[in-house]
Amino acid sequence: MARITASVFTSHVPAIGAALDLGKTQEDYWKPVFAGYDFSKQWMKDNPPDVIFLVFNDHATAFSLEMIPTFAIGTAADYQPADEGWGPRPVPKVIGHPDLAAHIAQSVIQQDFDLTIVNKMDVDHGLTVPLSLMCGQPQAWPCQVIPFAVNVVQYPVPSGRRCFQLGQAIRKAVESYDDDLNVHIWGTGGMSHQLQGARAGLINREWDNAWLDKLIADPVACANTPHIDYVREAGSEGIELVMWLIARGAMSDIVDGKVQGPAPTVKHRFYHVPASNTAVGHLILENN
Ligand code: DHB
Ligand code: FE
């Protein structure tokens, strides 16, 4: 059967992609950001997944106010990097896993989560920047990717609790797939940032780090964080963090909605301010 062996959590700042693509990683501003991912790139080589189930948000690139799916699963054979206004990033196209994606859609919808099925979608920085941070600049991405888009842009957005429950359903789906695949689940976006309005530039280190502690050690309480706390404490775009709860809910210590199994191992934890307007947070958890 397929198994989720690890979860990865990371911010997705678009300027990080530009810094990589323009060869700026060794500049004073960017060096400490990329240094936080040195361990992670080696870890990816040492623990190569067959498939990444990559939870991200589209930023009005593939979707717009014309159509706003809350949860959308990519079932396509491949996905092109999107043109976000400066041309598409010079990164490889993303190769999907249509068979596993269709299986997950079937299982998760039958577990009462009404996913939108997406057979054609361009993928923006929400997906390509985490891949770049974790894999560097290869000719081809090292594995297949199932993009899973969550609406965290236009309210009403899903609750952290709903995301956490969805993660549990995704794990059940993966574990009922016959092929012997090593699957990683990634939660991306965050941490604290606000891109507009009177509080533009808001960063909250203390809240971010307390939330990371809770995500690791008390994920049920973390999942019960209300929307207003993210917005008040972590800024309007801090709400992207609910996506991390999908990946955390898919870890094997969560049984019947509670922490009952052996805790995952924290392989890596990194936090850095600033990267563009954003506090960068990053975790790697391995199942035991
Ligand atoms: C920034 C962060 C984001 O999450 C995003 O989607 C766009 C911009 C930033 O920090 O500039
Ligand atoms: Fe974003």
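Residues numbered from 1 in each chain as written. Chains lettered and ligands numbered in written order. Predicted model: local features only at pLDDT ≥ 70, side-chain atom pairs only at ≥ 80, totals over all residues. Heavy atoms only, no water.

*Asks:* Got a minute to help me understand the overall build of the chain in this structure?
*Replies:* Secondary structure assignment for the chain yields 10 helices and 12 strands. Considering only C-alpha atoms, the chain reaches an extent of 45 × 40 × 40 Å along its principal axes. The proportion of buried residues among the 288 residues of the chain is 56%. Taken as two groups, the 20 positive and 31 negative side-chain charges of the chain have centres that lie 5 Å from each other. (Helix = DSSP H or I, 4+ residues; strand = E, 2+ residues; numbered from the N terminus. Buried < 20%, exposed > 50% of the residue type's maximum accessible area, 1.4 Å probe, protein only. Lys, Arg positive; Asp, Glu negative; His and termini not counted. Charge placed at Lys NZ, Arg CZ, Asp CG, Glu CD.)

*Asks:* Looking at this structure, how should I read the coordination of the iron ion (ligand 2)?
*Replies:* Under ideal tetrahedral coordination, the four donors around a metal are separated by 109.5 degrees; under ideal octahedral coordination, the six donors are separated by 90 or 180 degrees. Here the iron ion (ligand 2) is held by the protein donor atoms His12 (NE2), His59 (NE2) and Glu240 (OE), which lie 2.1 to 2.2 Å from it. Positions of the donor residues of the iron ion (ligand 2), expressed as sequence spacing, correspond to H-x46-H-x180-E. Of this pair, His12 sits in the loop between strand E1 (3-10) and helix H1 (14-21) while Glu240 sits in the loop between helix H9 (227-234) and helix H10 (244-249), and the two are 228 residues apart along the sequence. For the pair His12 and Glu240, a shared accessibility class is recorded, and that class is buried. (Donors = N, O, S within 2.8 Å, 3.2 Å for Na, K, Ca; no water.)

*Asks:* It is not clear to me how the site of ligand 1 should be interpreted in this structure. Could you clarify?
*Replies:* Taken together, His12, Val13, Pro14, His59, His125, His193, Leu195, Glu240, Ser276, Asn277 and Thr278 are the residues near ligand 1. Its atoms largely coinciding with the cavity grid, ligand 1 occupies the largest pocket. For the shell around ligand 1, the residue count by class is 3 nonpolar, 7 polar and 1 charged. (Near = heavy atom within 4 Å. 1 Å grid on protein atoms, 1.4 Å probe; cavity = no way out; pocket = protein on both sides within 12 Å on 5 of 7 lines; lining within 4 Å. Sits in = over half its atoms within 2 Å of the grid points. Nonpolar A, V, L, I, M, F, W, Y, C, P; charged D, E, K, R; others polar.)

*Asks:* Where do I start with the packing of helix H7 (residues 205-217) against H9 in this structure?
*Replies:* A packed helix pair is summarised by two numbers, namely the angle formed by the two axes and the spacing between the axes. One way to put it is that H7 packs onto H9 with a least axis distance of 9 Å and a crossing angle of 140°. When the axis of H7 is compared with that of H9, the two are oblique. Side by side, H7 and H9 meet where Trp207, Asp208 and Trp211 of the first sit next to Asp229, Tyr230, Glu233 and Ala234 of the second. Partitioning the contact of H7 with H9 into residue classes produces 4 nonpolar, no polar and 3 charged. (Axes fitted to C-alpha atoms, helices over the stretch in contact; angles between N-to-C directions. Parallel < 35°, antiparallel > 145°, perpendicular 65-115°, else oblique. Contact = heavy atoms within 4.5 Å.)

*Asks:* Just checking my understanding: could you explain the nonpolar core for this structure?
*Replies:* The biggest cluster of nonpolar side chains holds 57 residues, and the ones touching the most others in it are Phe53, Phe148, Trp211 and Ile246. For this core, the leading source of residues is helix H6 (residues 160-175), giving 7 residues. Once residues within four sequence positions are removed from consideration, Ile246 is found in contact with Val55, Phe71, Phe148, Val150, Cys163, Leu166, Gly167, Ile170 and Ile185. The next biggest cluster of nonpolar side chains, apart from the first, holds 39 residues, and it includes Val118, Met134, Cys135 and Trp141. (Core = buried A, V, L, I, M, F, W, Y, C linked by side-chain atoms within 4.5 Å.)

*Asks:* It is not clear to me how the layout of surface pockets should be interpreted in this structure. Could you clarify?
*Replies:* Rolling a probe over the atoms, with the probe sized like a water molecule, indicates the empty space that remains. Approximately 720 Å³ is the volume found for the largest pocket. Lining the largest pocket we find 32 residues, and of these Pro14, Ala15, Glu84, Trp86 and His125 sit closest to its centre. Tallied by class, the residues present in the lining of the largest pocket amount to 14 nonpolar, 13 polar and 5 charged. If you add up the space inside the second largest pocket, you get close to 200 Å³. Of the residues assigned to the lining of the second largest pocket, the class counts are 9 nonpolar, 3 polar and 1 charged. (Points joined across faces, edges and corners; volume = space filled by probe spheres on them.)

So, to be careful, I would describe these as geometric facts and stop short of saying anything about function.
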